[in-house]
Amino acid sequence: MSKSSHLRESSGNLVFDPGRADEFLQCLTSVIGDPPDLVNHSFVIQQPELEGRCLFLETLVDKNKIEDNVLRMFAEQPLSHLPDGDSNVEDMVKRRIPIASIAAAPDLHSCAQHLLEGKALLVIRGAPRILVLDVSKFYHRPLSEPKTETTVRGPHEAFNEDIATHIGLLRKRIRTSDLRLEQMKIGKATETKVIIAYMGSLVPDQVLEEFRTRISRIHSDSILEGTYIEEWIQDKTLTIFPTLMRTERPDVVSSHLLEGRVAILVDGSPLALVGPYTFLQSFTSPEDYYQRADIATFLLWIRFLAFLLAVFIPALYIAVTSYHHELLPPALLISISAQREGVPFPSSVEAFLMMIIFEVLREAGLRMPRVAGQAISIVGALVLGEAAVSAGLVSAAMVIVVAITAIAHFVAPFYNFGITQRFLQYFYMILAAFSGGFGILCGVLFTLVHLASLQSFGVPYLAPVAPTFTSDWKDVLARVPRTWMTTFPRMNKTKRKKR
């Protein structure tokens with residue numbers, strides 16, 4: 001802002017001469033442009049000479065609050081007497097306006113920023129400062145059920161895109177002063193609000209400081225979703241394994257906070273990030289904690305089995321049919337050989353062809369309108385599978401392998417871990433096509449070494465198996481009764497050891 005005799009910055013405050021509100025408006029529009037939703041409304045504060053102006057972006061504010069609490073109030077009952085002195089004028093107007101949050105803007109750029117955040121600017125002729133009224137009203141999706149983490153038992157609430165709703169849902173579940181919330185703004189253009197949530201008496205200081213440091217190092221023009229932050233703060237970029245949990249469920253975030261972990265909430269994103277995060281936590285479903293311990297343990301081991309089926313079944317089919325025929329019983333070998341007699345492709349090409357077609361059907365089902373998406377994916381899989389077998393392009397055994405693999409993929413509790421399973425599946429299929437069982441074994445060893453090298457904010461990714469924390473197995477490899485869970489997980493290194 002250029003300094004002039006009429007509008008200037010003095011001691012950090014915006015100073016106006018009487019009758020120069022028009023010049024302030026010109027300077028403001030030079031900063032934000034001349035948007036079509038900018039409203040400049042004049043009104044009388046005191047008869048006959050004292051006027052005010054209310055500036056706001058009508059697409060970001062609750063106009064009823066402005067009309068009822070500012071414009072209509074002064075229009076119906078202008079002040080009959082104001083004490084001398086600019087500060088007294090400002091104080092009197094503050095007391096007259098029934099809005100809880102009223103502040104003063106220190107400079108022109110602060111005024112512009114407040115305007116873009118959905119606040120109204122109150123310009124009083126002769127007053128030394130601009131008053132900022134919090135009348136914001138952002139439109140957001142109402143609360144609904146989780147889309148990717150469905151559950152039969154337990155809460156059915158999910159985050160939406162409003163960060164205030166995120167905080168409210170957490171405070172609804174954790175009603176203690178120990179819950180700490182730290183706000184930052186990231187993104188030069190978006191000025192996105194980011195909240196770091198944690199329990200002050202539980203989270204280790206080094207883990208919390210690591211979160212703060214990594215987030216403060218983010219230098220980006222735009223932060224539109226939590227994944228933007230995840231890519232900046234994750235421990236290792238070149239890995240298919242998630243080192244931060246992404247969840248849309250407030251009960252999941254609350255449970256992890258109560259175990260000494262840290263959550264990141266991003267305004268505009270329905271997903272929260274939670275860390276530290278380990279590999280075995282990818283198999284734990286929120287529903288495990290709303291079931292009896294024996295049922296939850298059984299379902300947990302079903303997920304382990306589904307993971308092995310999803311990752312290894314196609315690769316084992318390729319290895320056995322191409323290299324290791326002796327591993328099959330004679331009757332099964334004869335049956336598979338008879339099915340493949342007219343197939344023109346080797347088993348590796350057959351497997352890749354069918355898996356890629358299924359991936360296309362899966363993506364089509366996700367992108368199609370909800371009414372037709374599920375029908376298209378199911379009918380497409382049935383029709384294409386049957387037609388491919390009838391035409392002799394693939395064997396019936398391959399269709400069974402694809403069906404088992406697809407069903408096993410959907411058992412994964414978290415969507416991003418399901419994508420990891422798909423990457424691993426193709427990785428092992430390539431190794432099996434070139435080297436059979438030996439290639440699969442080499443791939444498993446490489447995967448284990450890679451997992452052992454990963455960390456999530458100082459916590460080994462394979463904990464509590466490597467390094468071994470036997471006391472933590474009761475909540476990872478099994479789900480024991482709650483009366484046995486008297487200590488916090490050792491791998492989290494919480495400040496307190498006893499619950």
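Residues numbered from 1 in each chain as written. Predicted model: local features only at pLDDT ≥ 70, side-chain atom pairs only at ≥ 80, totals over all residues. Heavy atoms only, no water.

- Naming follows an unreviewed UniProt entry, where the protein appears as Spore germination protein of Paenibacillus thiaminolyticus.
- For the protein, the Sequence similarities (unreviewed entry) comment in UniProt is given as "Belongs to the GerABKA family." (UniProt positions renumbered as here; feature names shortened; annotations may be inferred.)

1. Focus: the overall build of the protein
Move 1: Scanning the protein from N- to C-terminus turns up 14 helices and 14 strands.
Move 2: Every one of the 499 residues in the protein was classed for burial, and the buried ones make up 47%.
Move 3: Within the protein, contacts between residues separated by at least 24 positions form 64% of all contacts whose residues are at least 6 apart in sequence.
Move 4: Split by element, the accessible area of the protein, about 24,500 Å² in all, is 61% carbon and sulfur. (Helix = DSSP H or I, 4+ residues; strand = E, 2+ residues; numbered from the N terminus. Buried < 20%, exposed > 50% of the residue type's maximum accessible area, 1.4 Å probe, protein only. Contact = heavy atoms within 4.5 Å. Areas by Shrake-Rupley, 256 points an atom, 1.4 Å probe, with all protein chains shown as cover.)

2. Quick look at the layout of surface pockets
To find leftover empty space, a probe the size of one water molecule is rolled over the atoms.
Move 1: Approximately 670 Å³ is the volume found for the second largest pocket.
Move 2: Around the second largest pocket, the lining comprises 25 residues; the ones closest to its centre are E117, F138, E191, K193 and D267.
Move 3: Going through the elements one at a time, α4 (108-116), α5 (163-173), β8 (179-186) and β9 (192-199) are the ones with two or more residues in the lining of the second largest pocket. (1 Å grid on protein atoms, 1.4 Å probe; cavity = no way out; pocket = protein on both sides within 12 Å on 5 of 7 lines; lining within 4 Å. Points joined across faces, edges and corners; volume = space filled by probe spheres on them.)

3. Focus: the pattern of salt bridges
Move 1: Considering all chains together, one arrives at 15 salt bridges under this definition.
Move 2: We note a salt bridge from D288 to R303, for which the minimum N-O separation is 2.8 Å. With a gap of 15 residues between them, D288 in the loop between β12 (272-275) and α9 (293-322) and R303 in helix α9 connect regions that are remote in the sequence. Each member of the pair, D288 together with R303, is buried.
Move 3: Ionic contacts of the salt-bridge type, sharing partners, join the residues E117, K119 and K185 into one network. (Salt bridge = Lys/Arg side-chain N within 4 Å of Asp/Glu carboxyl O.)

4. What to know about unusual backbone geometry
Move 1: Look at the link from G275 to P276: it is a cis peptide, with omega at -5 degrees.
Move 2: Locating P276 in the fold gives a position in the loop between β12 and α9.
Move 3: The linkage connecting A466 with the following residue, P467, adopts the cis geometry, with an omega of 0 degrees.
Move 4: Mapping P467 onto the fold places it in the segment after β14 (459-460).
Move 5: Positive phi values are uncommon outside glycine, yet E191 reaches one of about 50 degrees.
Move 6: Its location among the elements puts E191 in the loop between β8 and β9.
Move 7: A relative accessible area of 31% means that E191 is categorised as partly exposed.

5. What to know about the sheet that holds β9
Whether parallel or antiparallel, the strands of a sheet pair through hydrogen bonds between backbone atoms.
Move 1: The strand order across the open sheet built from five strands is β8-β9-β11-β12-β10, with neighbouring strands paired in antiparallel fashion. Because the sheet does not close on itself, it has two edges, and the strands there are β8 and β10 (245-247). Ignoring strand direction, the axes of neighbouring strands in this sheet form an average angle of 25 degrees.
Move 2: Relative to strand β11 (residues 262-266), β9 runs antiparallel, the two being bridged by four bridges. From the neighbouring strand, A197 faces β11, where its bridge partner is A263.
Move 3: In this fold helix α6 (residues 205-216) packs onto β8, β9, β11 and β12, with an angle of close to 175 degrees to the strand it touches most, β9. (Pairing = 2+ DSSP bridges. Axes fitted to C-alpha atoms, helices over the stretch in contact; angles between N-to-C directions.)

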